[in-house]
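# Working through the structure, step by step
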Amino acid sequence: MSFLTVLKIAAHSARYGLATLGVFGAVTGPAYATGDRTLELQENHNGRMMISTAINGQNALALIDTGATIPLIDLSYLGAEVQSLNDLPQANVLGVGGAREYPLTFLSELAIGSDRWSNVKVAVNSENRTPVTQPILPMNLFQDRVVDFDFVNRKLHLYNSRPRHVTDAMRSKLQYEMINGLLFIDISINGVSGKALIDTGADVTFATKSFSRAANGRVDEDETKRIRGSDLTASAAEIHMFRDFQVGKSKIARVHLPVIDTQLFRSLGVEHDLCLVIGMDFLQYFRLQIDREKQEISFVRAPPARASHIQRGNPAMSLRSIRRR
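The rules behind the values
Residues numbered from 1 in each chain as written. Predicted model: local features only at pLDDT ≥ 70, side-chain atom pairs only at ≥ 80, totals over all residues. Heavy atoms only, no water. Helix = DSSP H or I, 4+ residues; strand = E, 2+ residues; numbered from the N terminus. Buried < 20%, exposed > 50% of the residue type's maximum accessible area, 1.4 Å probe, protein only. Contact = heavy atoms within 4.5 Å. pLDDT = per-residue confidence, 0-100. Pairing = 2+ DSSP bridges. Phe/Tyr/Trp six-rings, centres within 6.5 Å; stacked < 30°, edge-to-face > 60°. Lys NZ or Arg CZ within 6 Å of the ring centre and 35° of its normal. Salt bridge = Lys/Arg side-chain N within 4 Å of Asp/Glu carboxyl O.

A tally of helices and strands in the protein yields five helices and 27 strands. Counting every position in the protein, which comprises 325 residues, the buried fraction comes to 57%. A sequence separation of at least 24 residues applies to 68% of the contacts in the protein between residues at least 6 apart.

In this section: the confidence of the model for the protein. Parts of the prediction with low pLDDT should not have their coordinates interpreted in detail. The pLDDT averaged across the protein works out to 80; a share of 73% of its residues lies at or above 70. The low-confidence segment residues 1-26, where pLDDT is below 50, has 122 contacts with residues more than four positions distant or belonging to other chains. Throughout residues 305-311 the model reports pLDDT below 50, and contacts reaching past four residues in sequence, or to other chains, amount to 12 contacts.

Our next topic: the pairing of strand β16 (residues 170-175). Burial along β16 is one-sided: Met 170, Ser 172 and Leu 174 are buried, and none of Arg 171, Lys 173 and Gln 175, which face the opposite way, are. Examined bridge by bridge, β16 and strand β26 (residues 296-301) share six bridges and lie antiparallel to one another. For Leu 174, the partnering residue across the bridge sits in β26 and is Ile 297.

For Asn 56, which is not a glycine, the phi torsion comes out positive at approximately 50°. Along the chain, Asn 56 turns up in the loop between β7 (49-55) and β8 (58-65). One non-glycine residue, Asn 119, lies in the positive phi region at around 55°. Within the fold, Asn 119 resides in strand β12 (residues 115-125).

The next point concerns the packing of aromatic side chains. Overall, the coordinates contain seven aromatic pairs when judged by the stated rule. For the ring pair Phe 149 and Phe 151, a centre distance of 5.4 Å and an interplane angle of 15° mean the geometry is stacked. Like Phe 151, Phe 149 is buried. Plain terms: the ring middles of Phe 282 and Phe 286 are 4.9 Å apart, the flat faces sit at 35° to each other, and that makes the pair tilted. A relative accessible area of 0% means that Phe 286 is categorised as buried. Chaining the aromatic ring pairs together yields one cluster made of Phe 245, Phe 282, Phe 286 and Phe 299. Here the guanidinium or amino end of Arg 164 rests over the ring plane of Tyr 159, the centre of that ring lying 4.0 Å away.

Next up on the list: the pattern of salt bridges. Going through the model one piece at a time under the given rule, you end up with 12 salt bridges. Residues Lys 155 and Glu 40 are paired through a salt bridge, measuring 2.5 Å at the closest nitrogen-oxygen approach. Taken together, the positions of Lys 155 in strand β15 (residues 155-159) and Glu 40 in strand β5 (residues 37-40) put the pair 115 residues apart, joining distant regions of the chain. Using a relative accessible area of 45% as the deciding quantity, one classes Glu 40 as partly exposed. Where Asp 148 meets Arg 287, a salt bridge forms, and the shortest distance between an N and an O atom there is 2.8 Å. With Asp 148 in strand β14 (residues 146-150) and Arg 287 in strand β25 (residues 287-291), this residue pair connects regions lying 139 residues apart in the sequence. Residues Asp 148 and Arg 287 agree in their burial class; the two are buried. Connected via shared salt-bridge partners are Arg 37, Asp 115 and Asp 144.

Dropping the structure here:
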């Protein structure tokens, strides 16, 4: 059996971290949990928001990723279940740095709080493949109506009612579409409309070169020099300047974004659209409520006093720079 799958891999520079890989596939295996749940988000040493899990009985911090459709775990969690990676079927994986193959197998047990899964299909990472150091779990593991990422308060809420009200906050509600299991919304750069992949596994928001050309982006030579010689070099990354970047009611003026050529959107079948990835440098300032019954995403922005502790990622994506339309 051969199929393309979408995962996450991070490429780092001194200031910009890009993470994007996708897998076409579905997570199987029933979850055993009922009622509303709230899970704690913990910031790891790299500043990523992680969640406590148990993988085959081993405790681990994992990333809940809206930009992945199959779990990626390290070989060390499998133990005697896998004798040789060479005996496993392979999945072709495409990321910003090129294509790679990952072995596929089934994980006996996975637990997050009161949620339990068994016999879960996973992609297997090993030291000689990528520098991924933590398990990556797709959001679609959870079957609740609403997946509510409360980044400001470091909580993940799961429930089956309408998205919760947040006092004194600005709410911007957008329809999303599912493309090969991934969430896309409509956005604009410099007034030019395009599609954006919502990606809680990406450190930094970035655009394609075709989008930058259409939006008349300009290369920032100084910032581009900063990332030369990093892992982004293979992707020919540049930093481009834009007049504004708008998501729903939120607009950022004078934004600098990494711009790269990537096969990701071609593999997703949207190569003729103007596309970008929205990463955590933007998402961290919002409560991201994903209502799967209505296929809507609410970007809920808390007052500055409640979100002032958040400082990471692209400085252009700061709370001060985000304005209501």
